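# Architecture and fold: a report
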Number of protein chains: 2
Amino acid sequence: MSVLFVVGLGPGDTTHLTQQAKKAIEKSSIVCGYRTYIQQIEGLIKDKIVYSNSMGGEVERVKKAVLSAKEGYITSLVSGGDASIYGMASLAYEIGFGVVDIVVVAGVTAALSCSARLGAPISDDLAVISMSDLLTPWEIIKKRIEAVNIGDFVCAVYNPKSKNRTKQIEYALNRFYDSRGDLLCGVVKDCCRESEAVRIFPISEFDYDFVDMRSTVIVGNTQTYIKQGKLITPRGYGV
Amino acid sequence: MSVLFVVGLGPGDTTHLTQQAKKAIEKSSIVCGYRTYIQQIEGLIKDKIVYSNSMGGEVERVKKAVLSAKEGYITSLVSGGDASIYGMASLAYEIGFGVVDIVVVAGVTAALSCSARLGAPISDDLAVISMSDLLTPWEIIKKRIEAVNIGDFVCAVYNPKSKNRTKQIEYALNRFYDSRGDLLCGVVKDCCRESEAVRIFPISEFDYDFVDMRSTVIVGNTQTYIKQGKLITPRGYGV
């Protein structure tokens, strides 16, 4: 059976690509992905057939990738960050498994690349939530926000804002504030790109205008502190 | 000021190393890490001074790495998976920040490398919890287990078991079962190594003997299903 690689590219530029991801793309004759992610690997795909489309075109893109692989072309379906979390692996399995063989190639997800840029706000137990209610009902997201409070989790918030969706991140931070106080937050915009921008503030001074759809917000837990401009959550070694 | 790289190696073998991680190690003249992780990159460190010690020696290891960097040797402090989550970044900041400059190089964490081996059990919102109560009080871990139930999160369980700590994973899965029913679980042992072993079962048939300290357990949410031996959590596209 033909193989479809579902590849996580990591953040920003190709220096965060794993060797395995690079190899999968190099082996492929067809590469499918959302436009922004295709641009991220331009140098690697010059001699390849590229199928790219815009956000919202996920199902069509995956179908195209499955069809390409089925026809015998080695195909990579790529996305930023990791291939599984908010990536294309699940949809590839749902649409293509049984028709083609699927190999998922994991990548560095935004929570971890952004944590690295902020200091070490993520150090142990973690919750990851997206503010996008396109695929997950808002009622479920709200439950997860409360769950984060109950567990006093450090929380990585993906898709904090889009043009038409601006209030969800405000709701979440307000709920965190009401339950656990003025937690420290880090925001990384355009992580590992030239335009990268990093900001740290307590919830009470959070700059909502700074956040956009290319940002990830990491909200510390009650133990998180600032040391010389870096965000740190101690792991419990008591040093 | 001298630089200390804190580097996540990803899972198993060097094919999951990012280019940036490889470069940081190549640039370093001293490499510090837990024995198992040093073995993982043997081919990369033949000409380097290596400081490795055993589990529990984290504070000593980080102090050694900070001292090496302070003395002017480019130093890498390495660990498996990512550098932040259950890695050394936080401790490096706590002990060494201000004494040396710290550059954290993110890696592929076990939740995501194991998800890739199981199918796509992780597809969106996620909770990550360690069963080790060495650094986190068991009372807090218990709260987080309940929070996972409330949010119906897919949950990646790190450090599910050790020689002297066997009951925590059983407690967690029982709580998940009582609250959300017979959820599907995937276990990956020795992810991306030659000895890798993968198993999938519902909580009611979970083989606790299969799990050890080199395993990661991924517990699906109420939407997770099995398709031809693979674990899939749909993302909500409704295909």
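Residues numbered from 1 in each chain as written. Chains lettered and ligands numbered in written order. Predicted model: local features only at pLDDT ≥ 70, side-chain atom pairs only at ≥ 80, totals over all residues. Heavy atoms only, no water.

### Points about the overall build of chain A
What counts, and what does not: The helix count covers DSSP runs of H or I at least four residues long, the strand count covers runs of E at least two residues long, and both are numbered beginning at the N terminus. Exposure categories follow from relative accessible area, calculated using a 1.4 Å probe and restricted to protein chains: below 20% of the type maximum is buried, above 50% is exposed, and the middle band is partly exposed. Only heavy atoms matter for contacts: two residues are in contact if any of them lie within 4.5 Å across the pair. The accessible surface values rely on the Shrake-Rupley method and a 1.4 Å probe; as for residues, cover is taken only from the protein chains in view. This count recognises Lys and Arg as positive and Asp and Glu as negative, with His and chain-terminal groups excluded. A single reference atom marks each charge: NZ on Lys, CZ on Arg, CG on Asp, CD on Glu.
On a plain count of helices and strands, chain A comes out with 7 helices and 13 strands. Relative to its 239 residues, chain A shows a buried fraction of 61%. For chain A, restricting intrachain contacts to residue pairs at least 6 apart in sequence, the fraction spanning at least 24 positions comes to 69%. Here chain A displays about 9200 Å² of accessible surface, and carbon together with sulfur accounts for 48% of that area. Here chain A contributes 27 positively and 26 negatively charged side chains, and the mean placements of these two sets differ by 3 Å.

### Digging into the pairing of strand β8 (residues 154–158) of chain A
On a regular strand, one side chain projects to one face of the sheet and the next to the other, so that they alternate. Residue and element names in this part refer to chain A. For the record, the criterion: Here, a strand pair is defined by DSSP locating no fewer than two bridges between the strands. If the strands point away from the viewer and the path from the first strand over the helix to the second runs clockwise, then the crossover is right-handed.
Along β8, 5 of the 5 residues are buried, which leaves the element largely enclosed by surrounding structure. Of the two faces of β8, the one lined by Val-154, Ala-156 and Tyr-158 and the one lined by Cys-155 and Val-157 are each fully buried. Pairing analysis gives 5 bridges linking strand β7 (residues 126–130) to β8, with the strands arranged parallel. When the sheet's bridge partners are listed, Leu-126 is paired in β8 with Val-154. Read from β7 through helix α6 (residues 138–151) to β8, the crossover connection turns out right-handed. Note: β8 against strand β11 (residues 215–219), 3 bridges, orientation antiparallel. Its bridge partner being in β11, Cys-155 is matched across the sheet by Val-219.

### What about the relation of the copies chain B and chain A?
Worth spelling out the cut-off: For the least-squares superposition of copies, only C-alpha atoms count, and only for residues with pLDDT at least 70 in both.
With an axial shift of 0.0 Å and an RMSD of 0.0 Å, the rotation relating chain B to chain A amounts to 180°. Within this description, the copies of the chain are treated as partners about a two-fold rotation axis. Here 100% of the contact residues of chain B are again contact residues in chain A; the copies associate through an equivalent surface.

### Looking at the domain arrangement of chain A
All names here are of chain A. Counted only if it meets this: Domain segmentation is taken from an automatic or database assignment of domains. Accessible-area loss on putting two parts together, using a 1.4 Å probe and summing over both, is the definition of buried area adopted here. Here, a salt bridge means any Lys or Arg side-chain nitrogen found within 4 Å of an Asp or Glu carboxyl oxygen. Side-chain atoms alone can form a polar contact between residues adjacent in sequence; in general such a contact is a pair of N or O atoms within 3.5 Å, and within protein one must be able to donate a hydrogen while the other accepts it. For this classification, the nonpolar set comprises Ala, Val, Leu, Ile, Met, Phe, Trp, Tyr, Cys and Pro, the charged set comprises Asp, Glu, Lys and Arg, and every other residue, Gly included, is treated as polar.
When cut into domains, chain A gives domain 1 (3–108) and domain 2 (111–232). One C-alpha centre belongs to domain 1, the other to domain 2; they are set 27 Å apart. Contacts between domain 1 and domain 2 engage 10 residues on the former and 9 residues on the latter. A combined buried area of about 740 Å² lies between domain 1 and domain 2, and 65% of that area is made up of carbon and sulfur atoms. Contact with domain 2 buries area across many residues of domain 1, yet Pro-11, Gly-12 and Tyr-86 alone supply 55% of it, more than any other trio. Between domain 1 and domain 2 we count 0 salt bridges in total. Along the contact surface separating domain 1 from domain 2 lie 2 residue pairs in polar contact (both at pLDDT 80 or more). Across the side of domain 1 that touches domain 2, the residue classes tally to 5 nonpolar, 4 polar and 1 charged.

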